[in-house]
Amino acid sequence: MPGSTAEELLASVHGLSPERAQEIADHIDECRGLLAAGADMDTVQQYLKDHGVSVIHAIVIATRLIGDHPTGLRAAREIVECSPSRTPDTALSRPRHPTTP
């Protein structure tokens, strides 16, 4: 049975399965714990990346972590996209796809 955070995610994020909503809710709880212990948002983003959380789901998580920020989605995108763990320089080891003429 999904918890209250997972239920809220199911109601507000289109296309999530109950299992994925619960997984994201669990990450939100873990990240709140990290922040409460003094971690910064870059550390949180590294945690999420290390646990295979996609950029899109990391943005969903960041919106929940920052709460009622006036520009919540924009702020969450900046937190995720500007994090050292998510910058293009950290993606250099990814295989590049050849361009087709």
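Residues numbered from 1 in each chain as written. Predicted model: local features only at pLDDT ≥ 70, side-chain atom pairs only at ≥ 80, totals over all residues. Heavy atoms only, no water.

For the structure shown, the criterion picks out 3 salt bridges. Where E8 meets R64, a salt bridge forms, and the shortest distance between an N and an O atom there is 3.2 Å. One end of the pair, E8, is in helix α1 (residues 4–12); the other, R64, is in helix α4 (residues 55–66), with 56 residues separating them in the sequence. Residue E81 pairs with R77 through a salt bridge whose shortest N-O separation is 3.2 Å. You can see E81 and its partner R77 sitting in helix α5 (residues 72–81), 4 residues apart, about one turn around the helix. The partly exposed category is assigned to R77, whose relative accessible area is 42%. (Salt bridge = Lys/Arg side-chain N within 4 Å of Asp/Glu carboxyl O. Helix = DSSP H or I, 4+ residues; strand = E, 2+ residues; numbered from the N terminus. Buried < 20%, exposed > 50% of the residue type's maximum accessible area, 1.4 Å probe, protein only.)

With that settled, consider the packing of α1 against helix α2 (residues 18–36). Where α1 contacts α2, the two axes come as close as 8 Å, and the packing angle between them is 125 degrees. The angle between the axes of α1 and α2 places the two elements in the oblique class. The chirality of how α1 crosses α2 is right-handed. Where α1 abuts α2, its residues T5, A6, L9 and L10 lie against P18, A21, Q22, I24, A25 and I28. Partitioning the contact of α1 with α2 into residue classes produces 8 nonpolar, 2 polar and no charged. (Axes fitted to C-alpha atoms, helices over the stretch in contact; angles between N-to-C directions. Parallel < 35°, antiparallel > 145°, perpendicular 65-115°, else oblique. Left-handed = near helix turned anticlockwise from the far one by under 90°. Contact = heavy atoms within 4.5 Å. Nonpolar A, V, L, I, M, F, W, Y, C, P; charged D, E, K, R; others polar.)

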